[in-house]
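# Descriptive structure summary
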Amino acid sequence: QVQLVESGGGLVQPGGSLRLSCVVSGSINSINAMGWYRQAPGKQRELVATITSGGSTNYADSVKGRFIISRDSAKNTGYLQMNSLKPEGTAVYYCNADVKRLSGIYYVTNNYWGQGTQVTVSS
């Protein structure tokens with residue numbers, strides 16, 4: 001039983017900022033990579049940013065220099081700081097994580113998705 005819950009979405013003007021949070025709960029041994037994705041109306045879900053357990057980050061070109069992904073391992077929580085938001089950033093933002101857990105006598109790693117949080121960038 002693993003659950004991801006996003007929060008922090010809302011309405012913001014172009015150029016504004018928002019910080020999203022993703023809390024991972026359940027039967028967790030460790031969280032490996034985490035990531036944020038977004039899906040705009042009528043478009044496919046796309047990668048926004050990822051972060052490894054060691055702190056290495058990767059960003060989509062469209063958000064590089066404006067967004068910052070981070071994590072707090074002690075709290076099993078990931079974050080996405082979004083600055084200089086643009087109207088094209090309007091989308092549902094989803095948290096994603098690879099979670100390692102003990103199943104029987106074996107450790108297994110599965111991928112999980114949150115339900116998403118709406119971000120609307122409009123004047």
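This text goes with the structure placed above it.
### Regarding the environment of Gln-3
Among the secondary structure elements, Gln-3 is positioned in strand S1 (residues 2-7). Note: C-alpha distance between Gln-3 and Ile-28 (25 residues apart in sequence) is 10.0 Å. Those residues in contact with Gln-3 that sit more than four places away from it in its chain are Val-23, Val-24 and Ser-25.

### Observations concerning the packing of aromatic side chains
A full pass over the atoms with the stated rule returns two aromatic pairs. Seen in terms of ring centroids, Tyr-37 and Trp-113 are 4.9 Å apart; in terms of plane orientation they differ by 65°. Their pairing is edge-to-face. Of the two residues, Tyr-37 is situated in strand S4 (residues 30-39) and Trp-113 in strand S10 (residues 106-113); the sequence distance between them amounts to 76 residues. Ring geometry for Tyr-94 against Trp-113: centres 6.5 Å apart, planes inclined by 85°, an arrangement best described as edge-to-face. Here Tyr-94 is found in strand S9 (residues 91-103), whereas its partner Trp-113 is found in strand S10, with 19 residues between them in sequence. We classify Tyr-94 as buried; its relative accessible area is 13%. According to the relative accessible area criterion, Trp-113 is partly exposed, its value standing at 37%. Every member of this aromatic cluster is reached through a ring pair, and the members are Tyr-37, Tyr-94 and Trp-113.

Quick notes on the rules
- Residues numbered from 1 in each chain as written.
- Predicted model: local features only at pLDDT ≥ 70, side-chain atom pairs only at ≥ 80, totals over all residues.
- Heavy atoms only, no water.
- Helix = DSSP H or I, 4+ residues; strand = E, 2+ residues; numbered from the N terminus.
- Contact = heavy atoms within 4.5 Å.
- Phe/Tyr/Trp six-rings, centres within 6.5 Å; stacked < 30°, edge-to-face > 60°.
- Buried < 20%, exposed > 50% of the residue type's maximum accessible area, 1.4 Å probe, protein only.

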